[in-house]
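# Summary of the model geometry
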Amino acid sequence: SNDLDGGINNGNGNQDTDEGEDGDSVLHLIQNKTANFQIVVDGSMGSAITKEVKKYVNKLSNVGITVKIADDSEESVKDCEILVGDVKNHGGKYDFDEHSLGKEGYVTTRIDNKVIITAGSLNGLLAQFDIFAESTYAALIETNGKVFDFTENLESLKIQDNYSITSVSMNKKSIKNYG
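Let me sum up the structure you'll find in this document. Predicted model only: the values in this text are computed from it and were never measured. Counting of residues starts from 1 at the beginning of each chain's written sequence and follows it residue by residue. Note on the predicted model: pLDDT of at least 70 is required for a residue's local features to be given, and 80 or more for side-chain atom pairs to be given and counted; whole-chain, interface and lining totals, by contrast, use all residues. Remark: hydrogens and water are excluded; side-chain values derive from all non-hydrogen atoms of the structure.

## Some points on the nonpolar core
Counted only if it meets this: For our purposes a nonpolar core is just a set of buried Ala, Val, Leu, Ile, Met, Phe, Trp, Tyr and Cys residues, chained together by side-chain atoms within 4.5 Å. Partly exposed residues are those whose accessible area sits between 20% and 50% of the maximum for their type, while under 20% is buried and over 50% is exposed, using a 1.4 Å probe and protein chains only. Segments assigned H or I by DSSP are reported as helices when at least four residues long, segments assigned E as strands when at least two residues long, and all are numbered from the N terminus. Whether two residues are in contact is decided by their heavy atoms, any of which lying within 4.5 Å being enough.
Phe37, Ile39 and Tyr56 are the most contacted members of the largest nonpolar core, which totals 29 residues. Every element with two or more residues in this core is listed here: β3 (25-31), β5 (38-41), α1 (47-59), β7 (81-84), β9 (114-119), α2 (122-142) and β10 (148-150). Per-element tally for this core: the top contributor is α2, with 6 residues. Those residues in contact with Tyr56 that lie beyond four places of it in its chain are Phe37, Ile39, Ile65, Phe129, Phe132, Ala133, Thr136 and Tyr137. If you look at the next biggest cluster of nonpolar residues, it comprises 5 residues, including Val40, Leu83, Tyr94 and Ile116.

Have a look at this one:
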């Protein structure tokens, strides 16, 4: 199993959404002190991001968050997930080409019931995950540990200035140069 120590999911993994105050859709990640999501981490990003995610999960151990290292198995996919890094086991629907962001670029966004946190570099990914974690802690302090909703105001995107992608195809193979 690719479970990481640090949490038992007490939630059902199924997610409901509703309209926020401004008509934006709200994703209820933590309700009644129970996590309704799992975190899936791109294992190819190295141990630094895994350690950061485990620190987050341990700090929120009372809400029961499950963490998985991404693999090719679709059976471990849950309805509501936080996808950290380049997670590919979702049939391509939630893939985000982090190379197109540049080394200094990053994105935190939502597609359906998935929150995607990725960046063009490990440092960018660590910084974006830290921002997400701090938002969680602040919301839980504000609600006495009961609620954390992902709303549009938590989304962010930065594409590195002066960044270009050159793509060439030779013998039906694509070669990309980032710079």
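Following the structure, the description resumes.
## Focus: the pattern of salt bridges
Rules: Each reported salt bridge corresponds to a side-chain nitrogen of Lys or Arg within 4 Å of a carboxyl oxygen of Asp or Glu.
Tallying each qualifying case throughout the model produces 2 salt bridges. Between Glu52 and Lys55 there is a salt bridge, with its nearest N and O atoms 3.5 Å apart. Of this pair, Glu52 and Lys55 both sit in helix α1, 3 residues apart, which is roughly one turn of the helix. As a salt-bridge pair, Glu81 and Lys114 come within 3.0 Å of each other at their nearest N and O atoms. Residue Glu81 is found in strand β7, and its partner Lys114 is found in strand β9; the two are separated by 33 residues along the sequence. Both residues of the pair, Glu81 and Lys114, count as buried.

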